Amino acid sequence: MSRSTVNRVVLAPAGLVLLLGGLLVLAGGLDLYGRLGIDPPGWWPLTSPDQPLFSHASRTRWTDRDWWWPAVVAGLSLLLALGLWWLFAQLRRTAPSTLALPAPADAGLRLRLRTRALEEVLESGAEGLAEVGRARVRIAGRPRRLTVRGAVTLAPGGGPAALVEQFDAGPLAAARSSIGLDELPAALRVRVAATKRAATPKHPRVI
């Protein structure tokens, strides 16, 4: 599962919960129920500006139990660890910033290529293929085990199978040769653009 997918899976429910909680707090704090004449059920939280977020009974229900405070500390520690893990995952690069290029052993040269430059070359090469409208390419993995991930938009009626063959034999093969790798796996997400409807000619109005 990619990092962007994990972000969407985690952030979407978290954002929804925070949004609903904020709306409940706002409705109670502004006394919207009383102003609108709405009588919420007895278990409904935050029905008036004077009502606390958690009642005294809710706050002290399990405080006299031996397991309560250890469970609270463990739960908060787990949330902190997950939050730090997610933060560090966003800061960590999924690919090296530069790649080593093959050079003659007796030349004494060390050639490096920016990963972003290779991505731009693959993008321009993919966009130069027949029936390709737009391409976005990212490189992930370790220096000797790289993976190409791309998103390609085909023109209406374009063939995905032909695109894959052309991309593998053209831009991808050139990239493998330039960085000296025997294998460079690629995963392409192909989308075919929708056919635009022809504009209906407007007939002159007869008065």
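Residues numbered from 1 in each chain as written. Predicted model: local features only at pLDDT ≥ 70, side-chain atom pairs only at ≥ 80, totals over all residues. Heavy atoms only, no water.

1. Some points on the overall build of the chain
Within the chain, the regular secondary structure consists of 6 helices and 5 strands. Sequence-ordered secondary structure for the chain, helices as α and strands as β, is α-α-α-α-β-β-α-β-β-α-β. A total of 207 residues make up the chain; the buried ones form 19% of that total. A separation threshold of at least 6 residues defines the contact pool for the chain, and within that pool the share at least 24 residues apart is 46%. When the accessible surface of the chain is split by element, carbon and sulfur atoms take 63% of a total near 15,600 Å². (Helix = DSSP H or I, 4+ residues; strand = E, 2+ residues; numbered from the N terminus. Buried < 20%, exposed > 50% of the residue type's maximum accessible area, 1.4 Å probe, protein only. Contact = heavy atoms within 4.5 Å. Areas by Shrake-Rupley, 256 points an atom, 1.4 Å probe, with all protein chains shown as cover.)

2. Looking at the environment of Leu24
Summarising the element assignment, Leu24 is placed in helix H1 (residues 3–29). Owing to a relative accessible area of 27%, Leu24 belongs among the partly exposed residues under this scheme. Here the alpha-carbon distance between Leu24 and Trp44, two residues 20 residues apart in the chain, equals 9.6 Å.

3. Concerning the side chain of Thr115
As for its position among the elements, Thr115 is in helix H5 (residues 115–127). Look past the residues within four positions of Thr115 in its chain and what remains in contact with it is Pro96, Ser97, Thr98, Leu99 and Ile139.

4. Remarks on the sheet that holds strand S4 (residues 145–154)
Overall, mixed pairing links the 3 strands, which are arranged S3-S4-S5 in an open sheet. The open sheet terminates on both sides in strands that have one partner only, identified here as strand S3 (132–142) and strand S5 (186–192). Here the average twist between neighbouring strands, direction ignored, is 10°. Direction of pairing for S4 relative to S5: parallel, over a ladder of 7 bridges. Within the sheet, the bridge partner assigned to Arg149 lies in S5 and is Ala187. Across the face of the sheet, H5 comes into contact with S3 and S4 while running at roughly 150° to S3. (Pairing = 2+ DSSP bridges. Axes fitted to C-alpha atoms, helices over the stretch in contact; angles between N-to-C directions.)

5. Quick word on H5
Over its 13 residues, H5 runs 18 Å from end to end, which matches the ideal 18 Å to within 8%, given 1.5 Å per residue. Listed as buried for H5 are Thr115, Ala117, Leu118, Glu119, Leu122, Glu123 and Ala126. If you follow the buried residues of H5, they end up packed against strand S1 (98–101), strand S2 (111–114), S3, S4 and helix H6 (160–179). (Expected span 1.5 Å × (residues − 1).)

6. Let's talk about the packing of aromatic side chains
All chains considered together, the criterion is met by 4 aromatic pairs. Taken together, a centroid distance of 6.2 Å and an interplanar angle of 45° make the contact between Trp62 and Trp67 tilted. Exposure remark for Trp67: the relative accessible area of 44% places this residue in the partly exposed category. Taken together, a centroid distance of 5.9 Å and an interplanar angle of 40° make the contact between Trp62 and Trp68 tilted. Three or more aromatic residues joined by ring pairs form one cluster here, namely Trp62, Trp67, Trp68 and Trp69. The aromatic ring of Trp62 is capped on one face by Arg61, whose charged end is 5.3 Å from the ring centroid. (Phe/Tyr/Trp six-rings, centres within 6.5 Å; stacked < 30°, edge-to-face > 60°. Lys NZ or Arg CZ within 6 Å of the ring centre and 35° of its normal.)

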